[in-house]
4 protein chains.
Amino acid sequence: MNTANTGKKTKVGIINVTGYAGVELARLLSRHPAVELVSVSGRSAAGQRLADVFPYLASIDLAITPEVESVDFAFSALPHKESAPIVAGLIGRGVKVVDISADYRLRDAALYPQWYGFTHPAPELLGEAVYGLPELYRKEIAAARLVANPGCYPTSVILGLAPLLKAGVIGDHVIIDSKSGISGAGRSLSLGTHYSEVNEDVTAYALKGHRHLSEIEQELARFGGRPAVTFVPHLIPMTRGILSTIYAPLKAAAPDLEALYRDFYQDEPFVRIAKEPPHTKHTWGSNMCLIYPAVDSRTGRVVVLSAIDNLVKGAAGQAVQNMNLMLGLAETTGLEAVAVYP
Amino acid sequence: MNTANTGKKTKVGIINVTGYAGVELARLLSRHPAVELVSVSGRSAAGQRLADVFPYLASIDLAITPEVESVDFAFSALPHKESAPIVAGLIGRGVKVVDISADYRLRDAALYPQWYGFTHPAPELLGEAVYGLPELYRKEIAAARLVANPGCYPTSVILGLAPLLKAGVIGDHVIIDSKSGISGAGRSLSLGTHYSEVNEDVTAYALKGHRHLSEIEQELARFGGRPAVTFVPHLIPMTRGILSTIYAPLKAAAPDLEALYRDFYQDEPFVRIAKEPPHTKHTWGSNMCLIYPAVDSRTGRVVVLSAIDNLVKGAAGQAVQNMNLMLGLAETTGLEAVAVYP
Amino acid sequence: MNTANTGKKTKVGIINVTGYAGVELARLLSRHPAVELVSVSGRSAAGQRLADVFPYLASIDLAITPEVESVDFAFSALPHKESAPIVAGLIGRGVKVVDISADYRLRDAALYPQWYGFTHPAPELLGEAVYGLPELYRKEIAAARLVANPGCYPTSVILGLAPLLKAGVIGDHVIIDSKSGISGAGRSLSLGTHYSEVNEDVTAYALKGHRHLSEIEQELARFGGRPAVTFVPHLIPMTRGILSTIYAPLKAAAPDLEALYRDFYQDEPFVRIAKEPPHTKHTWGSNMCLIYPAVDSRTGRVVVLSAIDNLVKGAAGQAVQNMNLMLGLAETTGLEAVAVYP
Amino acid sequence: MNTANTGKKTKVGIINVTGYAGVELARLLSRHPAVELVSVSGRSAAGQRLADVFPYLASIDLAITPEVESVDFAFSALPHKESAPIVAGLIGRGVKVVDISADYRLRDAALYPQWYGFTHPAPELLGEAVYGLPELYRKEIAAARLVANPGCYPTSVILGLAPLLKAGVIGDHVIIDSKSGISGAGRSLSLGTHYSEVNEDVTAYALKGHRHLSEIEQELARFGGRPAVTFVPHLIPMTRGILSTIYAPLKAAAPDLEALYRDFYQDEPFVRIAKEPPHTKHTWGSNMCLIYPAVDSRTGRVVVLSAIDNLVKGAAGQAVQNMNLMLGLAETTGLEAVAVYP
């Protein structure tokens, strides 16, 4: 199945192609030189041609089927709870999977009832699944058969905080104020994504605790300690992009933050340390994460800005990056596109 | 000059009408029942009819003149540094003034070189000028001849924090993450307000210290203590509105925040304690400030959301509210409009 | 019931307050000095306080009831087909009505099955109902007990074409290319109003014939002749506003269009002949219609631009204007607000 | 210089890289497999690294120089009038050029003073230059050393009308109502591209005759006849995209339009006949033109919708398509990207 060696293209499929993560996967995979997109599934749209539902994907000649068929590798873009049993079945049949849902992100099965309201149907796989953030788990991902693709907010947050946590330079209280474009809320209809309601508006939500907090806490704990994290997501009137503004107290005199970050991410193809506060627009359609660390010397706090495209590095792009690692391909294959600006 | 008693309308003027705060004043004053807008000044537009530059103001039949003329009361919408001497001159001639610029907001003249890069030309007036936040300084405003209208960010922040500070329930470290629509950056051209650059984008700015921090610190200190404030403003792709998300540690067990806020603002016509996280859209075109306090019980922090229209409660509306107080009028006169939604 | 003479406020109600036309009526009526909003009805929201569903309307202390109660005057903001019988019942009970739906706009009952898919339940009222465009039917409206409020597109189109048709200067083929903000599609959820689908997008729709074409044809015929009208509406990514660009061949040498239009609309409070191509932004929240006629001398065609706020002059504002006429009030009462710019 | 045969990459340069067409060229060329971007020039930004001005282009390691250097092939993204002499010089030195400006689009030198306000400095090249619309001039482009890249509006319009004109089925009066995103107005600052002015707004402009009308007329005349064209461009609040709505009278009974269009464009890689009215969003970042022809049977008119990304098929993408032809490369090289949706 290692396409790098044989030249034969791995057959891949997308489960639930009709959401925004699903069609973004289709866009990226349609031009991927080392895999072949052979099957896409959907529920309400089953039976239609992909190009009839999404005319811009006319170059992909596939019907939407109820289940993915004849694949060696699958991406699940199902909603949480629905994904877990489907993914478990695929793994049981020897298909490698990147699950874009949250269903294999948390290692502790007991957290699922608390955060997601269901009992996990395949807890035995939680220990095996690898959290798909290549910058932290590259080696484990390459060896995995099941990778849990991180949430969009956590991707921006964990990449923004990892160098500080590893260096041990910040104290225990972290504030994360994230601003997301509306596509993060998905393609399902709701008043909260109705154009006239969200255009020209900003609001905070999930003040009681957003589900992504559970994986943020899990991954930050990896560096030792258990920082108390306050996380408030906001919806702002744009389609794509997340900017997370992260505040933390410095333990001692400010280190050379730029050097710290450049060192930590020096060989990373998809993380760039910005010289100025980054614009989410500079990530539009690309797999880049732009990070800018700064010190508020008046108060002894560090402020980190972390920007991604929520549908690429925050979802489909990172999923392809994980697939590349799992298939022994060059990690950047099919992800070289520069952001579409302006 | 007290129009409430005589029935005679006070003659008012707007200095530098051609910026967004200036034209917003013209909009509000054009329908104000107790004052008469008799003069508007501008620089590059001097000589033109107001309605030729701003066709939607066709109902106001005034020429733009180099200086305001024959007024009893003036609003200065000049840029900082330019406003100070003009305002001092008007005060010297017995004209009451609301200065929308920052030039009389800081009581300590030494702060002007540091934050605004100029030496204040009329420091003797700084002690007399009243900071124009009616919810805190109503009585002083009513007696003042010079009122310094607060900045847009500080209005949202100070109103959001005042009940907590007065009650003495929060610790010393406050994080303020503000999101502003683009009109806050004014009508002057810059790449940072060029449509294709800011549309579909969010970015932070002024990480070295935004000028509004100086007045935020001054006013928070009024409640005793000197909280260490980190303030990071962001520009988001909408025209009007500011949402400030404020984070602070609780000293002890969480008080009944809703009761605390309702009590503090119980008679205020322009502050409403929201039952849900507020939308800036619900303030569009109105003088309301919507505040929502919440506790993050996992971490013992309070999170306060404060939403305003930056051009109304954050500028022109608050200026009219101050004028009403200074003229002995009912505070809400001319400001009764409900937000324009959606 | 004539409030102008008695000083007693007419009691008014809004049927189906929860759509965008309904809440816009509530906004306008809440500040109307001569009527009292006493009742608002809704279906799914019945039983809730108006301010709980729409927090920005907190100043209106009303519960949403299944039916409007104890009113002398009613606005129906029901969907077409549902409105007709309710309105007929109100008229039967002596309540004057402005119907914002399409149910009494067409004089020929036979058009309802064709354009709206239902047989009209009260055809006897179609002859009595007055088409509520005050600029054309002021006198009839003042005497009516039932006024059919025009559609948003027809308002912009008919006002744009009336002077040309009355003067008899254009030929028989008219092209109307209209651009509407998304609020025109209402508050009901659909993929076509889902933020991420319509943001950063423009598309045409209803190429087989938009329902508003029926009333456009009916009203243009009033001037004699039956111009062949091609009407293509477009949705563009903004919340409010319609710009109609109207193209027609000139019969002879171009007349002085500006004089023609200024003469036709010389005493109209809500129509302004613009000196430059108008911006919909200059009508935001106001009841103004801005019209700009121009000649394409290369081809002998006239191009007319007509801009309104679709929810004000295109719906709720015009409805209040009609109510004012029906109640013998000054026509501009409660509608004096200047546009909210920028 | 034919890279298809030698495997050696052609060295290409971009003149005036700092406008939106220039940076879009840089984006596309940076991933083009058969050419090497070796030089980029700019004026005010000369001396800076490209990545310092445009951080998202960090993968391109080039300095901005006053002139392009050591290139075999050049793109000029200079403003009109400035481009003509520079391009003439390059041609004189044996460098093939695609000129994105208007300076070589018009074959008749006498039109330049009239439409562009300058006398053409190299009229001898006007006869040689090929209008760079591959769907009409593929063969001539392949043989050319100078290609004049079409304007954004004309691209959408000419592709929309060509099948009708070739078939001779429409009459002499054509109406073109185009809607463009704001990036079409460029990166230079102006009040007309200031965010708060154009957001939530639509307006028409250039009613006296937009410059693009000259090339539209020139190219339509190619099919015989001289249709009288009325062209009204509009700016709508989005960054990218043009939708042209084209109206024309049918000479006789309506032909099978879909068949006519599918036949005309049957082998075209970058034109797709849509099954539904197209969305500009479905072209975002891609080189596709989506066309939808329809008949208004009530009036005997044809309505054609034509959608492109103004910066790709309307500028930089089409320029690369032309370059591919001029270099003997596969026409789609480097242009395979699917639109970025949503």
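Note that this is a predicted model, so its numbers are computed, not measured. (Residues numbered from 1 in each chain as written. Chains lettered and ligands numbered in written order. Predicted model: local features only at pLDDT ≥ 70, side-chain atom pairs only at ≥ 80, totals over all residues. Heavy atoms only, no water.)

**Thoughts on the sheet that holds strand β10 (residues 228-235) of chain C**
Residue and element names in this part refer to chain C.
Logical step 1: Read across the sheet, 7 strands follow the order β9-β10-β8-β11-β14-β13-β12 without closing on themselves; strand pairing throughout is mixed. Each edge of the open sheet is held by one strand with a lone partner, namely β9 (203-204) and β12 (271-273).
Logical step 2: With 3 bridges connecting them, β12 and strand β13 (residues 289-296) associate as parallel partners. Following the sheet pairing, R272 is matched in β13 by L290. (Pairing = 2+ DSSP bridges. Helix = DSSP H or I, 4+ residues; strand = E, 2+ residues; numbered from the N terminus.)

**Let's talk about the pairing of strand β8 (residues 173-180) of chain A**
Residues and elements named next belong to chain A.
Logical step 1: Extensive coverage of β8 is indicated by the burial of 7 of its 8 residues.
Logical step 2: In terms of strand pairing, β8 meets strand β10 (residues 228-235) through 8 bridges, oriented parallel. Bridged to I175 within β10 is T230. (Buried < 20%, exposed > 50% of the residue type's maximum accessible area, 1.4 Å probe, protein only.)

**Structural notes on helix α12 (residues 312-326) of chain D**
Logical step 1: The terminal C-alpha atoms of α12(D), which comprises 15 residues, lie only 18 Å apart, well short of the 21 Å expected from a rise of 1.5 Å per residue.
Logical step 2: The buried fraction of α12(D) amounts to 15 of the 15 residues, a majority that puts the element mostly inside the structure. (Expected span 1.5 Å × (residues − 1).)

**Things to note about the relation of the copies chain B and chain A**
Logical step 1: The transformation that overlays chain B on chain A combines an axial shift of 0.0 Å with a rotation of 180°, and the residual RMSD is 0.0 Å. Expressed as an axis order, the relation between the two copies is that of a two-fold axis. Proximity to the rotation axis, assessed at the C-alpha, singles out P237(B) in chain B; its C-alpha lies 3.1 Å from the axis.
Logical step 2: Both copies present the same face, since 100% of the interface residues in chain B are matched by interface residues at the equivalent positions in chain A. (Least-squares fit on C-alpha atoms with pLDDT ≥ 70 in both. Contact = heavy atoms within 4.5 Å.)

**Thoughts on the nonpolar core**
Logical step 1: Within the largest apolar cluster, 247 residues are counted, with the highest numbers of intra-cluster contacts made by L29(C), Y104(C), I170(C), L29(D), Y104(D) and I170(D).
Logical step 2: Once residues lying within four places of it in the same chain are set aside, the contact partners of Y104(D) are A84(D), V87(D), A88(D), D99(D), Y112(D), H120(D), A122(D), L125(D), L126(D), A129(D), L146(D) and A148(D).
Logical step 3: L78(B), A162(B), L290(B) and A339(C) belong to the second-largest nonpolar core, a separate cluster that totals 245 residues. (Core = buried A, V, L, I, M, F, W, Y, C linked by side-chain atoms within 4.5 Å.)

**Notes on the interface of chain C and chain D**
Accessible area lost on assembly of the parts is the figure often given for the size of an interface.
Logical step 1: Across the contact, 48 residues belong to chain C and 48 residues belong to chain D.
Logical step 2: Between E217(C) and R298(D) there is a salt bridge; the shortest N-O distance is 2.4 Å.
Logical step 3: Here chain C and chain D share 34 residue pairs in polar contact (both at pLDDT 80 or more) between them.
Logical step 4: Only β8 (173-180), α8 (195-198), β9, α9 (212-221), β10, β11 (242-249), β13 and β14 (301-308) of chain C provide two or more residues apiece to the side of chain C that touches chain D.
Logical step 5: Element by element, the count of residues in the side of chain C that touches chain D is highest for β8(C), at 6 residues. (Salt bridge = Lys/Arg side-chain N within 4 Å of Asp/Glu carboxyl O. Polar contact = N/O pair within 3.5 Å; in protein donor to acceptor, adjacent residues only side chain to side chain.)

**Structural notes on the relation of the copies chain C and chain D**
Each of the two chain copies can be brought onto the other by rotation about an axis and movement along it.
Logical step 1: Overlaying chain C with chain D gives an RMSD of 0.0 Å, the required rotation being 180° about an axis along which the chain moves by 0.0 Å.
Logical step 2: Interface overlap between copies is the fraction of interface residues in one copy that are interface residues in the other; for chain C against chain D it reaches 100%, indicating a shared surface.

**A look at the confidence of the model for chain A**
Logical step 1: Per-residue confidence for chain A gives a mean pLDDT of 96; residues scoring 70 or more make up 98%.
Logical step 2: Reported confidence for the predicted complex is 0.96 by ipTM and 0.97 by pTM. (pLDDT = per-residue confidence, 0-100.)

**Thoughts on the packing of helix α7 (residues 152-167) of chain B against helix α9 (residues 212-221) of chain B**
Residues and elements named next belong to chain B.
Logical step 1: Where α7 meets α9, the closest approach of the two axes is 10 Å, and the angle between their N-to-C directions is 25°. One element, α7, and the other, α9, form an angle in the roughly parallel class. The hand of the α7/α9 crossing is right-handed. Note on element contacts: α9 touches α7 through H212, E215, I216, E219 and L220, opposite C152, Y153, P154, V157, I158, L161 and L165.
Logical step 2: Of the residues belonging to the contact of α7 with α9, the class tally is 9 nonpolar, 1 polar and 2 charged. (Axes fitted to C-alpha atoms, helices over the stretch in contact; angles between N-to-C directions. Parallel < 35°, antiparallel > 145°, perpendicular 65-115°, else oblique. Left-handed = near helix turned anticlockwise from the far one by under 90°. Nonpolar A, V, L, I, M, F, W, Y, C, P; charged D, E, K, R; others polar.)

**As for the environment of A88(D)**
All names here are of chain D.
Logical step 1: Within the secondary structure layout, A88 lies in helix α4 (residues 83-92).
Logical step 2: Among the residues examined, A88 registers a relative accessible area of 23% and is labelled partly exposed.
Logical step 3: With 38 residues separating them in the primary sequence, A88 and L50 have C-alpha atoms 26 Å apart.
Logical step 4: A88 has contacts with Y104, A122 and L125, leaving out every residue within four places of it along the chain.

**Digging into the interface of chain B and chain A**
Logical step 1: Contact residues are listed per partner, giving 48 residues for chain B and 48 residues for chain A.
Logical step 2: Interface area for chain B against chain A, summed over the two sides, is near 4000 Å², with a carbon-plus-sulfur share of 55%.
Logical step 3: Between D177(B) and K179(A) there is a salt bridge; the shortest N-O distance is 2.9 Å.
Logical step 4: Where chain B touches chain A, the interface holds 34 residue pairs in polar contact (both at pLDDT 80 or more).
Logical step 5: Sorting the residues of the side of chain B that touches chain A by element identifies β8 (173-180), α8 (195-198), β9 (203-204), α9, β10 (228-235), β11 (242-249), β13 (289-296) and β14 (301-308) of chain B as the ones contributing at least two each.
Logical step 6: The biggest single contributor to the side of chain B that touches chain A is β8(B), with 6 residues.
Logical step 7: Among the residues forming the side of chain B that touches chain A, the class breakdown is 26 nonpolar, 11 polar and 11 charged. (Buried area = accessible area lost by both parts, 1.4 Å probe.)

**Re the state of the cysteines**
Logical step 1: The final tally for this structure, using the stated rule, is 0 disulfides over all chains.
Logical step 2: With no disulfide of its own, C289(A) has C152(A) as its nearest cysteine by sulfur position, at a separation of 12 Å. (Disulfide = S-S within 2.5 Å.)

**Looking at the packing of aromatic side chains**
Logical step 1: Counted according to the given criterion, the structure contains 44 aromatic pairs over all chains.
Logical step 2: Pairing Y131(A) with Y137(A) gives two aromatic rings, centres 6.4 Å apart and planes at 75°, and the pair type is edge-to-face.
Logical step 3: By relative accessible area, Y137(A) is classed as buried at 8%.
Logical step 4: On the basis of an interplanar angle of 85° and a centroid distance of 6.4 Å, the ring pair of F54(B) and Y56(B) is categorised as edge-to-face.
Logical step 5: A residue is classified by how much of its surface remains accessible, and F54(B), at 1% relative accessible area, is buried.
Logical step 6: Of the aromatic side chains, those joined through ring pairs into one cluster are Y20(A), F54(A), Y56(A) and Y341(D).
Logical step 7: When the ring centre of W284(C) is taken as origin, the NZ or CZ atom of R240(C), which lies over that ring, is 5.9 Å away.
Logical step 8: Here the guanidinium or amino end of R222(D) rests over the ring plane of F223(D), the centre of that ring lying 5.5 Å away. (Phe/Tyr/Trp six-rings, centres within 6.5 Å; stacked < 30°, edge-to-face > 60°. Lys NZ or Arg CZ within 6 Å of the ring centre and 35° of its normal.)

**Notes on empty space enclosed by the protein**
Logical step 1: This structure, assessed with the given rule, holds 6 cavities of 30 Å³ or more.
Logical step 2: Around the largest cavity, the lining is made up of 14 residues, and of these L207(A), G209(A), T230(A), F231(A) and D296(B) lie nearest the centre.
Logical step 3: Listing elements by their share of the lining of the largest cavity, those giving two or more residues are β10 of chain A together with β13 of chain B.
Logical step 4: Looking at the lining of the largest cavity element by element, the count peaks at 4 residues for β10(A).
Logical step 5: Broken down by class, the residue content of the lining of the largest cavity amounts to 9 nonpolar, 2 polar and 3 charged. (1 Å grid on protein atoms, 1.4 Å probe; cavity = no way out; pocket = protein on both sides within 12 Å on 5 of 7 lines; lining within 4 Å. Points joined across faces, edges and corners; volume = space filled by probe spheres on them.)

**Quick notes on the sheet that holds strand β3 (residues 64-65) of chain C**
Residue and element names in this part refer to chain C.
Logical step 1: If you trace the 7 strands from one edge of the open sheet to the other, you get β3-β2-β1-β4-β5-β7-β6, paired in parallel fashion. At either end of the open sheet lies a strand with only one pairing partner, and these are β3 and β6 (130-131).
Logical step 2: Where β6 lies against strand β7 (residues 146-148), 2 bridges are found, and the strand directions are parallel. Opposite V130, over in β7, you have V147 as the bridge partner.

**Regarding the environment of I170(A)**
Residue and element names in this part refer to chain A.
Logical step 1: Relative to the assigned elements, I170 resides in the loop between α7 (152-167) and β8.
Logical step 2: Between the C-alpha atoms of I170 and N324, which are 154 residues apart in sequence, the distance is 34 Å.
Logical step 3: Residue contacts for I170: discarding those within four places in its chain leaves L161, L164, L165, A248, P249, L250, K251 and V302.

**Overview of the pattern of salt bridges**
Logical step 1: Following the criterion strictly, the structure yields 72 salt bridges over all chains and no others.
Logical step 2: Here the residues in one salt-bridge network are E24(A), R27(A), R240(A) and D309(A), joined through shared partners.

**Notes on the side chain of E331(D)**
Residue and element names in this part refer to chain D.
Logical step 1: Tracing the chain through its elements places E331 in the segment after α12.
Logical step 2: A relative accessible area of 13% means that E331 is categorised as buried.
Logical step 3: In contact with E331, not counting residues within four places along its chain, are P134, R138, F270, Q321, N324 and L325.

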